[in-house]
Amino acid sequence: MAYGWKNKLTAADVTPEAAFWNRRQIMAGMAAAGVAGSIAGSAFAAQDALVPNSFEDITSYNNFYEFGTGKGDPAANAGSLTTDPWEITVDGLVDNPGTYSVAELLDGLDIEERIYRFRCVEAWAMVVPWNGVELRDILQKAGVQSDAKYVAFETLYRPEEMPGQRLPSIPWPYVEGLRLDEAMHPLTLMATGIYGKPMPNQNGAPIRLVVPWKYGFKSIKSIVKITLTDREPPTSWNTINAREYGFYSNVNPDVDHPRWSQASHRVIGGGLFQKREPTLMFNGYEEEVASLYAGMDLRKDF
Ligand SMILES: Nc1nc2c(c(=O)[nH]1)N[C@H]1C(S)=C(S)[C@@H](COP(=O)(O)O)O[C@H]1N2
Ligand SMILES: [Mo]
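Overview of the structure. (Residues numbered from 1 in each chain as written. Chains lettered and ligands numbered in written order. Predicted model: local features only at pLDDT ≥ 70, side-chain atom pairs only at ≥ 80, totals over all residues. Heavy atoms only, no water.)

## Some points on the pattern of salt bridges
Using the criterion set out here, one finds 10 salt bridges in the structure. Aspartate 91 serves as the salt-bridge partner of lysine 225, at 3.9 Å between the closest nitrogen and oxygen. Residue lysine 225 is located in strand β10 (residues 223–229), and its partner aspartate 91 is located in strand β1 (residues 87–92); the two are separated by 134 residues in the primary sequence. In this structure, arginine 136 and glutamate 134 form a salt bridge, with 2.5 Å as the shortest nitrogen-oxygen distance. Note on arginine 136: relative accessible area 29%, which makes it partly exposed. Linked by salt bridges that have partners in common, Glu112, Arg114, Glu134 and Arg136 make up one network. (Salt bridge = Lys/Arg side-chain N within 4 Å of Asp/Glu carboxyl O. Helix = DSSP H or I, 4+ residues; strand = E, 2+ residues; numbered from the N terminus. Buried < 20%, exposed > 50% of the residue type's maximum accessible area, 1.4 Å probe, protein only.)

Below, the structure written as structure tokens:
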């Protein structure tokens, strides 16, 4: 290839925080958490090679329009957000609808560590060591009814604490959605922390979605509502510009954004000389998720 591709991160990328996440500790953590099973096993095998970005990178370069559209705005403005108490309404096609505290929602579930690639549609990427639970465990507690086909998510609307919501930059509140099988996939996380610390406000405290094979905007932050439905729910960026942002928004190096290539991305971190990397199909999770889209035209259903 024409210019300095790096397929694997090397020791040069290791940060002090990353040293904490060396393979032995990850394996020890997996053993302690009793992680087993073929899908979880393969997901963890794939992330052995990943070296996370620094806590500083992950918490200072953000997209969270509720706090402003600049990459530094969330870190500067999100300190004002009250994240405790926090309630999440679970409704729609579930057996146990209701409004729950985060603690109630997580009760009985083990918080796991998951190191995932994170790829923004704007063609930059990081690697983030999330803590969280599988969304499917929360949905199973809610009791998904047989006619449910999609899951809709909504972010907090609180303009007193979210200065970006006083501006019409995008329609509020931020909403997102997944097909039910995507939501039930074991890679799909409800994240409650980063690097073993509670979720920083700028990253979507107290709880946010992480769908590592999709563009970052699908990973909706600071969730207050989860609705099971039989219809494809509206999603913020698709509503704003359906030609540029599809409902699926799976990471795909072969399907360009109308205004830029998605074949490669900028790697956040590493100082002045930012590297580029080739973007991987489904952001490197093809083995785990390609079967969800068997028979679909990924150019049409982008
Ligand atoms: N509520 C809400 N969720 C959001 C966004 C947002 O503006 N508001 N931005 C999205 C986009 S475009 C990206 S790339 C990721 C960024 O997550 P990070 O700041 O933790 O890296 O959050 C996504 N979730
Ligand atoms: Mo993004």
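## Considering the pairing of strand β3 (residues 112–120)
Summarising burial for β3: eight of the nine residues are buried, a large majority. Of the pairings in the sheet, the one linking β3 to strand β4 (residues 124–134) comprises nine bridges and is antiparallel in character. Its bridge partner being in β4, phenylalanine 118 is matched across the sheet by methionine 126. (Pairing = 2+ DSSP bridges.)

## Quick word on the sheet that holds β10
The strand order across the open sheet built from five strands is β2-β1-β10-β5-β6, with neighbouring strands paired in mixed fashion. Each edge of the open sheet carries a strand with a single partner, namely β2 (98–101) and β6 (175–179). Shown here is a sheet whose adjacent strand axes are inclined to one another by a mean of 20°, direction ignored. Sheet analysis places strand β5 (residues 150–155) next to β6, joined by five bridges and oriented antiparallel. If you follow valine 151 over to β6, its bridge partner there is leucine 178. (Axes fitted to C-alpha atoms, helices over the stretch in contact; angles between N-to-C directions.)

## Digging into the pairing of β1
Sheet analysis places β1 next to β2, joined by four bridges and oriented antiparallel. Opposite glutamate 87, over in β2, you have serine 101 as the bridge partner. Joining the antiparallel neighbours β1 and β2 is a turn of five residues. In the sheet, β1 pairs with β10 via four bridges, with the strands oriented parallel. Paired with glycine 92 across the bridge in β10 is leucine 228.

## Examining helix α7 (residues 135–142)
Turning to α7, its buried residues are Leu135, Ile138, Leu139 and Ala142. Angularly, the buried residues of α7 cover 100° about the axis, an arc narrow enough to put them on a single face. Downstream of α7 by one or two residues, glycine 143 has phi in the positive range, about 80°. (Arc of directions from axis to C-beta.)

## Side note on the site of ligand 1
Taken together, 17 residues form the shell around ligand 1, and within it Asn62, Tyr65, Glu66, Thr155 and Lys221 come nearest. With respect to ligand 1, the backbone of asparagine 63 contributes an N or O atom lying 3.2 Å from a nitrogen atom. Asparagine 203 places a side-chain nitrogen or oxygen 3.0 Å from an oxygen atom of ligand 1. Protein contact buries 97% of the 530 Å² of open area that ligand 1 shows by itself. Under a 2 Å grid-point criterion requiring more than half of the atoms, the pocket assigned to ligand 1 is the second largest pocket. Across the shell around ligand 1, the residue classes break down as eight nonpolar, six polar and three charged. (Near = heavy atom within 4 Å. Polar contact = N/O pair within 3.5 Å; in protein donor to acceptor, adjacent residues only side chain to side chain. Areas by Shrake-Rupley, 256 points an atom, 1.4 Å probe, with all protein chains shown as cover. 1 Å grid on protein atoms, 1.4 Å probe; cavity = no way out; pocket = protein on both sides within 12 Å on 5 of 7 lines; lining within 4 Å. Sits in = over half its atoms within 2 Å of the grid points. Nonpolar A, V, L, I, M, F, W, Y, C, P; charged D, E, K, R; others polar.)

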